[in-house]
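Inside the fold
Below are the chains, spelled out letter by letter.
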Amino acid sequence: MTDLRSSRAGQTPLDPSEIEGLVPSSIATQAELDVAEQEAIALALPWALGRRRAPTGVLTQPFLKQLHARMFKGVWSWAGEYRRSARNLGVDWRTIPEAVEILLGDTRNWLEREVFPPDECCVRFHHRLV
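Residues numbered from 1 in each chain as written. Predicted model: local features only at pLDDT ≥ 70, side-chain atom pairs only at ≥ 80, totals over all residues. Heavy atoms only, no water.

1. Digging into the packing of helix 5 (residues 96-113) against helix 6 (residues 118-129)
Running from N to C, helix 5 and helix 6 point in directions that differ by 175°, and their axes come no closer than 10 Å. Taken together, helix 5 and helix 6 sit at an angle that is classed as roughly antiparallel. Listed contacts from helix 6 to Val100, Ile102, Leu103, Leu104, Asp106, Thr107, Trp110 and Leu111 of helix 5 are Cys121, Arg124, Phe125, Arg128 and Leu129. The residue makeup of the contact of helix 5 with helix 6, split by class, is nine nonpolar, one polar and three charged. (Axes fitted to C-alpha atoms, helices over the stretch in contact; angles between N-to-C directions. Helix = DSSP H or I, 4+ residues; strand = E, 2+ residues; numbered from the N terminus. Parallel < 35°, antiparallel > 145°, perpendicular 65-115°, else oblique. Contact = heavy atoms within 4.5 Å. Nonpolar A, V, L, I, M, F, W, Y, C, P; charged D, E, K, R; others polar.)

2. Brief notes about the nonpolar core
Residues Leu4, Leu14, Leu22, Ile27, Leu33, Val75 and Trp76 are the most contacted members of the largest nonpolar core, which totals 14 residues. Of all elements in the fold, only helix 2 (30-49) and helix 4 (61-72) reach the threshold of two or more residues within this core. Here this core takes four residues from helix 2, the largest share from any one element. Beyond its immediate sequence surroundings of up to four residues, tryptophan 76 is in contact with Leu14, Glu18, Ile19, Gly21, Leu22, Val23, Leu33 and Glu37. (Core = buried A, V, L, I, M, F, W, Y, C linked by side-chain atoms within 4.5 Å. Buried < 20%, exposed > 50% of the residue type's maximum accessible area, 1.4 Å probe, protein only.)

3. Considerations on the environment of isoleucine 96
Structurally, the position occupied by isoleucine 96 is in helix 5. Given a relative accessible area of 9%, isoleucine 96 falls into the buried group. Each C-alpha atom, one on isoleucine 96 and one on leucine 129, is 9.6 Å from the other, the two residues being 33 residues apart in sequence. Other than its neighbours up to four places away in sequence, isoleucine 96 contacts Tyr82, Arg83 and Val91.

4. Here we look at the side chain of serine 85
By the secondary structure assignment, serine 85 is in the loop between helix 4 and helix 5. Here serine 85 falls in the buried class, since its relative accessible area comes to 12%. A polar atom in the side chain of serine 85 sits 3.5 Å from the side chain of glutamate 18. The residues contacting serine 85, other than those within four sequence positions of it, are Asp15, Glu18 and Trp93. (Polar contact = N/O pair within 3.5 Å; in protein donor to acceptor, adjacent residues only side chain to side chain.)

5. Observations concerning the pattern of salt bridges
Should the charged atoms of two oppositely charged side chains come close, the side chains can pair. Summed over the entire model, instances satisfying the criterion amount to six salt bridges. Across the pair aspartate 92 and arginine 94 runs a salt bridge whose closest N-O atoms are separated by 2.8 Å. Ionic pairing is found between glutamate 101 and arginine 108, a salt bridge with its closest N-O pair at 3.7 Å. Residue glutamate 101 is classed as partly exposed on the basis of its relative accessible area, which comes to 38%. (Salt bridge = Lys/Arg side-chain N within 4 Å of Asp/Glu carboxyl O.)

Below is the structure:
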């Protein structure tokens, strides 16, 4: 089993400060973390899907941060916050709020102008967000 200080292919390794933010102290392996995150996401789904919202209502930074917090609040102490560490992919952590705002505007534009089918908008949004 892969411990939390190493990573499997395709995963971003966790740095020690991130591991300190792990809420359940019993998690020691990546597999255990994967299960904990999946269970937490499953608990957040009823809230996320429980009421209809206009796309513009979910395409806001407060909603995204609240969703992230609900998805990972039992797993990570930093759930609902933007990362504060450098990564080998994505934007510099200091520009995340601005980059997310640009992504939200792009996505609203795609939907309003029907630039891509809705499923493709979702895939493009998720890819850029991650």
